[in-house]
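# Chain and residue survey
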Amino acid sequence: MHVLSNLPLYTRPLKAPSAKKKCVILNCAALQGNKGPESLTVSHLRTILLVDHLAVLLRQQGCVVHTTPNLTQKTSACNLLKLLRVAWPSTRQTTSNEGGVSNLRKILSESVYAQLGKFDAHSDQAHNKLPKDNVFKVHLRQFVKEKELEGYDANLDMALVQEEALRQIAELQHVVLQEDAEECLVIHVVGCEEQFQQQKIDLLWQILDNGVDRVTQRHLVCGSVKITGENSHLSAVQYFQFRRSQMQEASVMKYGNLVQGESWAEIISSMTSASIRFELLATAHRSPLNLDMTQAVNISTKGTKSGAFVMYNCARLATLFDHFHKSVQQGRVVATVQLCYSIPGSTLPDYTVLEFS
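This text gives an overview of the structure that appears in the document. Since we're looking at a predicted model, the values are computed, not measured.

### Here we look at the pairing of strand β6 (residues 136–139)
A one-sided burial pattern is seen for β6, the buried positions being F136 and V138 and the unburied ones K137 and H139. Pairing between strand β5 (residues 114–115) and β6: two bridges, direction antiparallel. Pairing of A114 across the sheet is with V138, part of β6.

Below is the structure:
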């Protein structure tokens, strides 16, 4: 419990001084489009946890960090993030940026790279009949070629721009305009399955950019998550429930009838969240991740690759240190620090041992 309640204390990185204010926007593609938790996959969950982890690290480096999209409180998606101990911006009511979306429509209607659906852009009838979800056709390949852009998928050509894409860009623009930084770095964190679609958003924003946004865009692409076993088609919610049931079972095996009540439910949820984070983030983000969801493969303290194994040993170390400090305070042991050795010219800390008398 001590380790779990003080997790940031044990996992915080070293702070580095920053010369000037840096603004970073982490755009999580998995949460765009008002996805419900039932449509979130384990691959989506990997990107969400990566965004949350990056936000903590960047803030500790002195950056001003925003995460998008903004979610509505008390929705099922928000509830899932709370179970996973993910701090995500949310509002009581659904935020609407109709003004920003309308402005983007106007800019796009005047762009040389866009045409209004299959209608004449200058026809009043076009504006009345065009479906909301299919606003414009945009020539992305032409834009990439004329601007001599590199690194984009060669298959990008004509794209149908939907209302949701404009809403995503309008929200990102709104966040940029709130900051007074000289430049904002926007990192699109996306799974490899949705990388192609997010590149369309990137290019569309560049086409719509009127020079005010001061934005540099980058893409952080996560590898796929492959699930094996009889539970190979789990959603993110089902994955959490499956791992929680395993953690519950492991706790009952160790502590028996003591495992009951709200306090134990909170402990098990916290341990499940920490174990899932370890499981999904321990592998380099670009690498594919294989998860064995066979029922017989339980959360265990035996395997060194298990998040439960790491938490178990952290708890043991915390208990040993706590016992030692109490013994020192009670005068039952005397702690002396003896210098072992240091490496000349090295930035490594000196190694020390504790002698007991």
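And the narrative resumes.
### Describing the sheet that holds strand β8 (residues 184–191)
One open sheet accounts for four strands, arranged β2-β1-β8-β9; its pairing is parallel. Lying at the two open borders of the sheet, with one neighbouring strand each, are β2 (63–68) and β9 (215–222). The average undirected angle you get between the axes of adjacent strands in this sheet is 20°. Contacts from helix α8 (residues 163–178) reach β1 (22–28), β2, β8 and β9 within the one sheet, and its direction differs from that of β1 by about 160°. Helix-sheet contacts for helix α9 (residues 195–208) involve β1, β8 and β9, and the interaxial angle to β9 is about 180°.

### Looking at the nonpolar core
With 39 residues, the main nonpolar core has L280 and L291 as its most contacted residues. For this core, the leading source of residues is helix α3 (residues 42–60), giving eight residues. Sequence-distant contacts of L291, defined by excluding residues within four places in its chain, comprise V42, V225, K226, I227, T228, Y239, E279 and L280. By size, the runner-up hydrophobic cluster in this structure holds 33 residues, among which are Y113, V144, V161 and L172.

### Concerning the pattern of salt bridges
A full pass over the atoms with the stated rule returns eight salt bridges. The closest approach of N and O atoms between R105 and E163, which form a salt bridge, is 2.5 Å. Of this pair, R105 sits in helix α5 (residues 98–109) while E163 sits in helix α8; the two residues are 58 residues apart in sequence, bridging distant segments of the chain. What you see here is one network of salt bridges that share partners, running through E98, R105, E163 and R167.

### What to know about the packing of aromatic side chains
One pass over the structure, following the stated rule, counts two aromatic pairs. Measuring from ring centre to ring centre gives 5.2 Å for Y113 and F143, while their planes differ by 85°; the resulting arrangement is edge-to-face. In this pair, Y113 sits in the loop between α5 and β5 while F143 sits in helix α7 (residues 140–147), placing the two residues 30 residues apart along the sequence. Assigned by exposure class, Y113 and F143 land together as buried.

### Let's talk about the sheet that holds β5
What the three strands build is an open sheet, ordered β5-β6-β7; its pairing is antiparallel. Edge positions in the sheet fall to β5 and β7 (158–161), since each has one partner strand and no second. Contacts between α7 and the sheet are confined to β6 and β7, with β6 contributing the most and set at about 35° to the helix.

Criteria and cut-off values
Residues numbered from 1 in each chain as written. Predicted model: local features only at pLDDT ≥ 70, side-chain atom pairs only at ≥ 80, totals over all residues. Heavy atoms only, no water. Buried < 20%, exposed > 50% of the residue type's maximum accessible area, 1.4 Å probe, protein only. Helix = DSSP H or I, 4+ residues; strand = E, 2+ residues; numbered from the N terminus. Pairing = 2+ DSSP bridges. Axes fitted to C-alpha atoms, helices over the stretch in contact; angles between N-to-C directions. Contact = heavy atoms within 4.5 Å. Core = buried A, V, L, I, M, F, W, Y, C linked by side-chain atoms within 4.5 Å. Salt bridge = Lys/Arg side-chain N within 4 Å of Asp/Glu carboxyl O. Phe/Tyr/Trp six-rings, centres within 6.5 Å; stacked < 30°, edge-to-face > 60°.

Don't take any of this as a statement about function, it's just geometry.
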